[in-house]
Amino acid sequence: MKIKNHSTFVELADEKDDIHDFAGFLEYQIPNKFKRQNVVLNLLDYENLELPQLLLFLKVSNLHRKTKFSFVIVNDAINPDDIPFEMIVVPTLQEAEDIIEMEEIERDLGF
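Described below are features of the structure shown in this document. Since the model is a prediction, treat every value here as computed from it, not as a measurement. (Residues numbered from 1 in each chain as written. Predicted model: local features only at pLDDT ≥ 70, side-chain atom pairs only at ≥ 80, totals over all residues. Heavy atoms only, no water.)

Some remarks on the overall build of the protein
When helices and strands are counted, the protein shows 4 helices and 5 strands. The helix and strand sequence of the protein, counted from the amino end, reads β-β-α-β-α-α-β-β-α. The C-alpha atoms of the protein give 13 Å as radius of gyration, which agrees with the globular expectation for 111 residues (13 Å, within 12%). Its C-alpha atoms put the protein at 40 × 30 × 20 Å along the principal axes. A burial count over the protein gives 39% of its 111 residues as buried. (Helix = DSSP H or I, 4+ residues; strand = E, 2+ residues; numbered from the N terminus. Rg over C-alpha atoms; globule rule 2.2 N^0.38 Å. Buried < 20%, exposed > 50% of the residue type's maximum accessible area, 1.4 Å probe, protein only.)

Next up, the structure:
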């Protein structure tokens, strides 16, 4: 796993090109090592990502967001209309950063 720290979030990416193993690995890693951080999951290397593969991250996304921290996935291969409303998927890292800023503001305001 590649880890890159930013000022408001940590960016995680797969370096083994195995989406199933990566999703399973993150279900353990995120609650234990990244529980107090906003997480951006960089899946841009998966240019042919399909919805069933994206849904592998639904559980960890929901659990992390319940802790009042952001979980944003970056990928541009899936039609936005097909993505479940519970997941936040954006096409660029800049948009992921923008989403995190907006969610931080909402949390500060008590939403």
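On we go.
Focus on the packing of aromatic side chains
Across all of its chains, the model carries 1 aromatic pair by this definition. Between Phe-22 and Phe-57, the ring centres sit 6.2 Å apart and the planes meet at 65°, which makes this aromatic pair edge-to-face. Of the two residues, Phe-22 sits in helix α1 (residues 19-33) while Phe-57 sits in the loop between α2 (51-54) and α3 (58-66), which places them 35 residues apart along the sequence. Like Phe-57, Phe-22 is buried. (Phe/Tyr/Trp six-rings, centres within 6.5 Å; stacked < 30°, edge-to-face > 60°.)

What about a negative patch on the surface?
There is a patch of like negative charges on the surface, built from Asp-17, Asp-45, Glu-47 and Asp-76. Turning to its location among the elements, Glu-47 is positioned in the loop between β3 (39-42) and α2. On the basis of relative accessibility, which here comes to 64%, the residue Glu-47 falls in the exposed class. (Patch = residues over 30% accessible without salt bridge, like charges linked within 9 Å, V, L, I, M, F, W, Y side chains within 5 Å. Areas by Shrake-Rupley, 256 points an atom, 1.4 Å probe, with all protein chains shown as cover. Salt bridge = Lys/Arg side-chain N within 4 Å of Asp/Glu carboxyl O. Lys, Arg positive; Asp, Glu negative; His and termini not counted. Charge placed at Lys NZ, Arg CZ, Asp CG, Glu CD.)

Some thoughts on the side chain of Asn-42
With respect to the element layout, Asn-42 can be found in strand β3. Residue classification places Asn-42 among the buried positions, given a relative accessible area of 15%. A distance of 2.9 Å separates the side chain of Asn-42 from the side chain of Glu-11, its partner in a polar contact. Within the structure, Asn-42 has its side chain in polar contact with the backbone nitrogen of Leu-44 (distance 3.0 Å). Residues contacting Asn-42, with those up to four places away along its chain left out, are Glu-11, Leu-12, Ala-13, Val-74 and Leu-93. (Polar contact = N/O pair within 3.5 Å; in protein donor to acceptor, adjacent residues only side chain to side chain. Contact = heavy atoms within 4.5 Å.)

Considerations on the pattern of salt bridges
Pairing is possible between side chains of opposite charge, provided their charged atoms come close. Taken as a whole and assessed by the stated rule, the structure comprises 3 salt bridges. One salt bridge connects Lys-59 with Glu-27, and the closest N-O pair in it is separated by 3.8 Å. Placement of Lys-59 in helix α3 and of Glu-27 in helix α1 is noted, with a sequence separation of 32 residues between them. For Glu-27, a relative accessible area of 33% corresponds to the partly exposed category. Put simply, Glu-103 and Arg-107 hold a salt bridge, and the shortest N to O gap is 3.9 Å. Note that Glu-103 and Arg-107 are positioned in helix α4 (residues 93-108) at a spacing of 4 residues, about one turn of the helix. A network of salt bridges, in which partner residues are shared, links Glu-103, Glu-104 and Arg-107.

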